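The lines below spell out each chain.
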Amino acid sequence: MAEVLGLPIPDTYEIIFLLTLGLILVKLILGLYLAVKVRRSKKEENPVAPLFIGTVMLLMFLWAVSRTLFMEFDFFLTKFVEATYPDFPNVWFWKFGSVFASVGVIAILFIVDKKILSNKFKGVFAYIMLAAAIVQFAYPVDDYADFVVASTIGIVGSATSFLIPILFLYIGKKTPGLRRTAFTFAFGIIIYVLGGALVSASIIPMFYALGLSQTMVYLISTSMKVLGLLMVAYGTTRFHF
């Protein structure tokens, strides 16, 4: 650890760890905040409100658990060494992290379709993502090539999650009274996803080429994720059906 004026300065690895830990805490805090809102929304006549808020609350908690498992996978088990990804128990932390991340999104897709859009799509999007999550979890991973295949399966399933902002943009367009909150929720998801994409292996080198350090890219990524989560929570608590 370097020092400036006699004070210890965390290195890049430590900063990224702290940013990840902070993101987990934000998810937990927002989950607890939504839990309070669920109790208050039960006093409303419309039963859909507490169900929807409760589902987003579940999403926040599951994403916190998922990120905790991924943090263990990245920082303590594999230390970002790809060759160790398929090893036991590393791969199981990754698999369970992927499952927890998917379940919350599946629940949102199902509730939005079933309760808000009057079963317009028959739950097909939720079922597609559920099938992908099951196949990814069950896929045997014995070496890094298998890990890549399992990751690709997860990407296919995760692509379905992009339907969440699309569905909310659709709701906002069709229902003027819900436009502001629906768009806030939708763009919150979009900003969160884009924040995560910044640090992907295929994108982050472009930022290095622009002169940005790894620490700066992760700081921007985490900031976007926090902003996205705040927008999602805001839109959720003001979404009146």
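Structure: above.
Structural notes, computed from the coordinates. (Residues numbered from 1 in each chain as written. Predicted model: local features only at pLDDT ≥ 70, side-chain atom pairs only at ≥ 80, totals over all residues. Heavy atoms only, no water.)

1. A few points about the overall build of the protein chain
Put simply, the test is: The helix count covers DSSP runs of H or I at least four residues long, the strand count covers runs of E at least two residues long, and both are numbered beginning at the N terminus. Values of the radius of gyration come from C-alpha atoms, whereas the globule rule sets the reference at 2.2 Å times the count of residues to the power 0.38. The buried label goes to any residue with under 20% of its type's maximum accessible area, the exposed label to any with over 50%, and the partly exposed label to all in between, with areas taken from a 1.4 Å probe on protein chains only. Pairs of residues are marked as contacts when any of their non-hydrogen atoms sit within 4.5 Å. Computed with the Shrake-Rupley method and a 1.4 Å probe, the accessible areas treat only the protein chains shown as cover for residues. His residues and chain termini do not enter the charge count, which takes Lys and Arg as positive and Asp and Glu as negative. Note on charges: their place is set at NZ of Lys, CZ of Arg, CG of Asp or CD of Glu.
Counting its regular elements, the protein chain contains 9 helices and 2 strands. Going residue by residue from the N terminus, the α and β elements of the protein chain occur as β-β-α-α-α-α-α-α-α-α-α. By the compact-globule yardstick of 18 Å for 241 residues, the protein chain fits well, its C-alpha radius of gyration being 19 Å. By residue count, 41% of the 241 residues in the protein chain fall in the buried class. Residue pairs in contact within the protein chain that sit at least 24 positions apart in sequence constitute 68% of those at least 6 positions apart. On the protein chain, roughly 12,800 Å² of surface is accessible, and the fraction owed to carbon and sulfur atoms is 71%. With 19 positive and 13 negative side-chain charges, the protein chain shows a separation of 22 Å between the mean positions of the two kinds.

2. Description of the side chain of Ser-221
Of note, Ser-221 is situated in helix 9 (residues 214-237). Assessed through its relative accessible area of 2%, Ser-221 is described here as buried. Those residues within four positions of Ser-221 in sequence are excluded, and the remaining contacts are Gly-195, Gly-196, Leu-198 and Val-199.

3. Points about the packing of aromatic side chains
What counts, and what does not: Classification of ring pairs uses Phe, Tyr and Trp, with its six-membered ring standing for Trp, and accepts pairs whose centres are within 6.5 Å; under 30 degrees between planes counts as stacked, over 60 as edge-to-face, and the remaining range as tilted. Working rule: Lys NZ or Arg CZ, within 6 Å of ring centre, within 35 degrees of ring normal, means a charge sits over the ring.
Taken as a whole and judged by the stated rule, the model has 21 aromatic pairs. Between the aromatic rings of Phe-73 and Tyr-85, the centroid separation amounts to 5.0 Å while the plane-to-plane angle is 45 degrees, which identifies the pairing as tilted. Of this pair, Phe-73 sits in helix 2 (residues 48-78) while Tyr-85 is found in the loop between helix 2 and helix 3 (90-116), placing the two residues 12 residues apart along the sequence. An aromatic cluster is present here, built from Tyr-13, Phe-17, Phe-75, Phe-76 and Phe-80 joined pairwise through their rings. When the ring centre of Trp-92 is taken as reference, the NZ or CZ atom of Lys-95 above it lies at 4.8 Å. Just above the ring of Phe-121 sits the side chain of Lys-120; from NZ or CZ to the centre is 6.0 Å.

4. So, the environment of Val-156
In this fold, Val-156 is placed in helix 5 (residues 144-159). Through-space distance from the C-alpha of Val-156 to that of Ala-133 is 9.6 Å; in sequence the pair is 23 residues apart.

5. Re the side chain of Thr-237
Convention followed: Whenever two N or O atoms come within 3.5 Å, that pair is a polar contact, provided that in protein one can donate a hydrogen and the other can accept it, and provided that, for residues adjacent in sequence, both atoms are side-chain atoms.
Tracing the backbone through its elements, the reader meets Thr-237 in helix 9. Looking at Thr-237, its side chain comes within polar contact range of the side chain of Arg-238, at 2.9 Å. Beyond its immediate sequence surroundings of up to four residues, Thr-237 is in contact with Tyr-33, Leu-34 and Lys-37.

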